[in-house]
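# Close look at the chain arrangement
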Amino acid sequence: MEILPKRSLRGVTPFAPEQPNEQIRRELGLKDIVRLCSNESSLGPSPRALAAYRQAADSLSCYPDGGSPGLRAALARHHKLRPENVLVGSGSDELIRMLCEAFLDPEDEVIVSQHGFVRFRQQAAMMGARIIEIPMTDWTHDLETMARAANPRTKILFVANPNNPTGTYSTAFELRDFLQAVPATALVVIDEAFYDFAVENDDYPRTIPMGLRKHPNLVVLRTFSQAYGLAGLRVGYAVGDPEVLGWLDRIRLPFNVNLPAQRACLAALGDQAFLARTVAATIKSRESLAAALREQGFGVLDSATNFLFIHARIRGRALSRALFKRGIVIHPLDEYGLGDHVRISVGTPEQNGALLKALKSVMGEAA
Ligand SMILES: Cc1ncc(COP(=O)(O)O)c(C=O)c1O
C-alpha cells in the first residue's frame, strides 16, 4: 500500500543545496573552493559574537531559554519596540514557514512577485494555498498591481525588499502606497533579509518605524544570516503586531533557537561597529566586482544587497558548471525561471579576483 502525504505536498521536491566544500574538494581534487552561491558574508561574524559562541560551550548540557527572551528584549530595545513586537526564529526561513502554517487554510490566496524570493511560494504551496504571481516591472516588484490583486480571499502578500535574486528594491513611496492599498484583512510580510546593505539608499523604506504603528497587518522579517555573518547559526526574527506574532508563538517549537545561537546573536547585535564595517567593505567590493563584470560584457543589475544578479551570456547552468570545475560555486537561477541568469555573492577582493579570472577563461573557451 502506498501511503501518500497530504495533497499539497505531492509535487514538492527536496531542497537541493549546493554541494558541500569537502565533497567538491574530493570530487575535483582541488584545495581551494570559492563559495559565492548562498549570499553568506565573506567577512564572517563579529569577534564578540564568536567569543560568546565559544563561551556557550560551557552550557551545552542545558536547554536554551525557550522563546529567546534575552535576544528578544535586546532586539526590541534595538528597534525601540516592546518584546511582544518581536519573535525570534531559526532563520527567517522558519518564520516564513510559521506564517504560512499559522495563517493559511487550503485555497486561501497568497500574492507573490514574479522572480520574488522562492521560499514564499514554496511554503505557501505546501499549505495548499493558491499562489497568485504578479509580473515584475524592470526586475522590480510591481507593488501597485500586487495590492490591486488583493481581495477578501487573500491572506498574505509576501515582498522581499530588497529582493533575492534580483537585488532590486522598492522605494519608501511605493511601499507606503502599497501598505495603504492592501486590505487590513491580509497580512503584508516584508522580508528585509538584506536591509543592512540597502539602507544606505535614501529612498529605501524604513519599514519598521514607518509602517508598524499604522499597519497591524504588517510583519517585517530580518536575519542574522547575511550582514551579521552568522548564517550557520540560523537566527532570524519577525517584527509585528503582538496579536499576529502571538499566533506564531503558539506554533513555535519550545526551543526553536539553540543556546549558542541566542548568545552569539545577542553579542553580534551589540557590535554595530563591526556590522557597519562589514556593510561598507561589502558595498565597496560589490561595486568593483560589478564594474569588472560589466567590463567583461556581462549584464549586471544595480544591487542593494551582498550579491549580484547577472545576465550570464551563456545558459546560467552551463556557466555555473564551468566555474564549478574551476572550484568556484555560484548559483544558477532555473528555479526562478531565469535560465539565462546567475546570482553571485560578493566575496573578498581575493575571491572576486579568482572569479573574474575564471570567468575570463570560461568565456574565452565558449567564444
Ligand atoms: C529574501 C530572503 N529571505 C529569507 C532568507 C532566509 O534567511 P535565513 O538564513 O534567515 O533563514 C533568505 C536567504 O537568503 C533570503 O534571501
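Above this text sits the structure in question.
Residues numbered from 1 in each chain as written. Predicted model: local features only at pLDDT ≥ 70, side-chain atom pairs only at ≥ 80, totals over all residues. Heavy atoms only, no water.

## Quick look at the side chain of Ser285
Relative to the elements of secondary structure, Ser285 occurs in helix α12 (residues 272-295). By relative accessible area, Ser285 is classed as buried at 10%. A distance of 2.8 Å separates polar atoms of two side chains, one belonging to Ser285 and the other to Asn352. Beyond its immediate stretch of four places on either side in the chain, Ser285 contacts Val346, Gly347, Thr348, Pro349 and Asn352. (Helix = DSSP H or I, 4+ residues; strand = E, 2+ residues; numbered from the N terminus. Buried < 20%, exposed > 50% of the residue type's maximum accessible area, 1.4 Å probe, protein only. Polar contact = N/O pair within 3.5 Å; in protein donor to acceptor, adjacent residues only side chain to side chain. Contact = heavy atoms within 4.5 Å.)

## Focus on the environment of Phe309
Among the secondary structure elements, Phe309 is positioned in strand β10 (residues 307-311). Along the chain, Phe309 and Gly167 lie 142 residues apart, while their C-alpha atoms are 6.5 Å from each other. Other than its neighbours up to four places away in sequence, Phe309 contacts Trp139, Pro165, Thr166, Gly299, Val300, Leu301, Leu333, Leu338, His341 and Val342.

## Some points on the nonpolar core
Counting residues in hydrophobic clusters, the biggest one holds 48 residues, and the most contacted among them are Leu75, Leu157, Phe178, Val188, Phe224, Leu230 and Val235. When residues of this core are assigned to their parent elements, the largest contribution, five residues, is made by helix α11 (residues 259-269). When residues are assigned to domains, this core turns out to be shared by domain 1 (7-44 + 273-366) and domain 2 (47-271), each giving three or more. Every residue in contact with Leu157, bar those within four places of it in the chain, is listed here: Ile111, Met146, Ala150, Phe178, Val182, Ala186, Leu187, Val188 and Val189. (Core = buried A, V, L, I, M, F, W, Y, C linked by side-chain atoms within 4.5 Å. Domains from an automatic or database assignment.)

## Comments concerning the site of the ligand
Near the ligand lie 13 residues; those nearest to it are Ser92, Asp191, Thr223, Ser225 and Arg234. Separating an oxygen atom of the ligand from a backbone N or O atom of Ser92 is a distance of 2.7 Å. Between Asp191 and the ligand, the recorded distance is 2.5 Å, taken from a side-chain N or O atom to a nitrogen atom. In the complex, 93% of the free accessible area of the ligand, which totals 400 Å², lies under the protein chains. Looking at the shell around the ligand, the element that brings in the most residues is helix α4 (residues 91-103), giving three residues. Its residues placed into classes, the shell around the ligand shows four nonpolar, six polar and three charged. (Near = heavy atom within 4 Å. Areas by Shrake-Rupley, 256 points an atom, 1.4 Å probe, with all protein chains shown as cover. Nonpolar A, V, L, I, M, F, W, Y, C, P; charged D, E, K, R; others polar.)

## Concerning the sheet that holds β10
Across the sheet, four strands lie side by side as β9-β10-β13-β12; this open sheet has antiparallel pairing. Every interior strand has two partners, whereas the edge strands, β9 (299-300) and β12 (331-333), have only one. Direction of pairing for β9 relative to β10: antiparallel, over a ladder of two bridges. Its bridge partner being in β10, Val300 is matched across the sheet by Ile310. Set on the sheet, α12 makes contact with β9 and β10; between it and β10 the angle comes to about 10°. (Pairing = 2+ DSSP bridges. Axes fitted to C-alpha atoms, helices over the stretch in contact; angles between N-to-C directions.)

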